[in-house]
Amino acid sequence: MGWLLLAFFTTAAALAGVQNVALPEGDGKAIVSGACTACHGLDLITAKKSNRAEWSQVVDRMKTYGTTLDATQTTTVIDYL
């Protein structure tokens, strides 16, 4: 099971680097570019149309999976998304 997760995250990270999707400018852009694209492609992030409460749930869930954001970064990312 561990090797399967490793393969999944390695593939996701590799695909994230070859896309042509751009994030809009904003205070959270650098954090999203670093923290979120470690596992997800920008296309997944930019295609998701959620409100603030939904993004908050997503970010909190990602933190349980290992994303390391402090409280200030978390608020910035949620506001940005």
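Fair warning: this is a prediction, and the values are worked out from it, not measured in the lab. (Residues numbered from 1 in each chain as written. Predicted model: local features only at pLDDT ≥ 70, side-chain atom pairs only at ≥ 80, totals over all residues. Heavy atoms only, no water.)

### Focus on the overall build of the chain
What counts, and what does not: Only runs of H or I of at least four residues qualify as helices and only runs of E of at least two qualify as strands under DSSP, and these elements are numbered from the N terminus. Three exposure classes are used, based on accessible area relative to the maximum for each residue type with a 1.4 Å probe and protein chains only: buried under 20%, partly exposed in between, and exposed over 50%. The contact criterion used is simple: two residues touch if any of their non-hydrogen atoms lie within 4.5 Å. Note on areas: these come from Shrake-Rupley sampling with a 1.4 Å probe, and a residue is covered only by the protein chains present in the view.
For the chain, the helix and strand inventory stands at 5 helices and 0 strands. Reading the helices (α) and strands (β) of the chain from amino to carboxyl end gives α-α-α-α-α. Of all 81 residues assigned to the chain, the portion counted as buried reaches 27%. Sequence-distant contacts in the chain: of pairs separated by 6 or more residues, those separated by 24 or more amount to 52%. Counting every atom, the chain has about 5500 Å² of accessible surface; 62% of that belongs to carbon and sulfur.

### Quick notes on the packing of helix H2 (residues 29–36) against helix H5 (residues 71–80)
To keep things clear, this is the line we draw: Only the contacting stretch of a helix is used when fitting its axis, a line to C-alpha atoms as for every element, and angles between N-to-C directions run 0 to 180 degrees. Every angle not falling under 35 degrees, over 145, or within 65 to 115 is termed oblique; those three ranges are roughly parallel, roughly antiparallel and roughly perpendicular. Amino acids are sorted into nonpolar (Ala, Val, Leu, Ile, Met, Phe, Trp, Tyr, Cys and Pro), charged (Asp, Glu, Lys and Arg) and polar (every other residue, Gly among them).
Between H2 and H5, the shortest axis-to-axis distance is 9 Å and the interhelical angle comes to 105°. The pairing of H2 with H5 is recorded here as roughly perpendicular in orientation. Contacts between H2 and H5 involve Lys29, Ile31 and Val32 on the former and, on the latter, Gln73, Thr76, Val77 and Tyr80. For the contact of H2 with H5, the class distribution of residues is 4 nonpolar, 2 polar and 1 charged.

### A word on the nonpolar core
Short version of the rule: For our purposes a nonpolar core is just a set of buried Ala, Val, Leu, Ile, Met, Phe, Trp, Tyr and Cys residues, chained together by side-chain atoms within 4.5 Å.
With 14 residues, the main nonpolar core has Leu23, Val32, Ile45, Val59, Leu69 and Val77 as its most contacted residues. Of all the elements in the fold, those that place two or more residues in this core are H2, helix H3 (42–47), helix H4 (52–64) and H5. For this core, the element with the most residues is H4, which contributes 4 residues. Leu23 has contacts with Lys29, Val32, Ser33, Leu42, Thr46 and Tyr80, leaving out every residue within four places of it along the chain.

### Some words on the pattern of salt bridges
Note the cut-off: Here a salt bridge means any side-chain nitrogen of Lys or Arg lying within 4 Å of a carboxyl oxygen belonging to Asp or Glu.
Following the criterion strictly, the structure yields 2 salt bridges and no others. Glu25 is the partner of Lys29 in a salt bridge, and the nearest nitrogen-oxygen pair spans 2.7 Å. For Lys29, a relative accessible area of 24% corresponds to the partly exposed category. The shortest N-O distance in the salt bridge between Arg52 and Asp79 comes to 2.6 Å. Pair noted here: Arg52 is in helix H4 and Asp79 is in helix H5, with a separation of 27 residues, a long-range link. Accessibility expressed as a relative area gives 45% for Arg52, which makes it partly exposed.

### Some words on H5
Selection rule: What the arc describes is the spread of directions from the helix axis to the C-beta atoms.
If you check which residues of H5 are buried, you get Thr74, Val77, Ile78 and Tyr80. When H5 is viewed along its axis, its buried side chains cluster within an angular range of 160° and face the same direction. Set apart from the buried face of H5 by more than 90 degrees, the exposed residues are Ala71 and Thr72. Against H2 and H4 lie the buried residues of H5.

As far as function goes, none of this settles anything; it's purely spatial.
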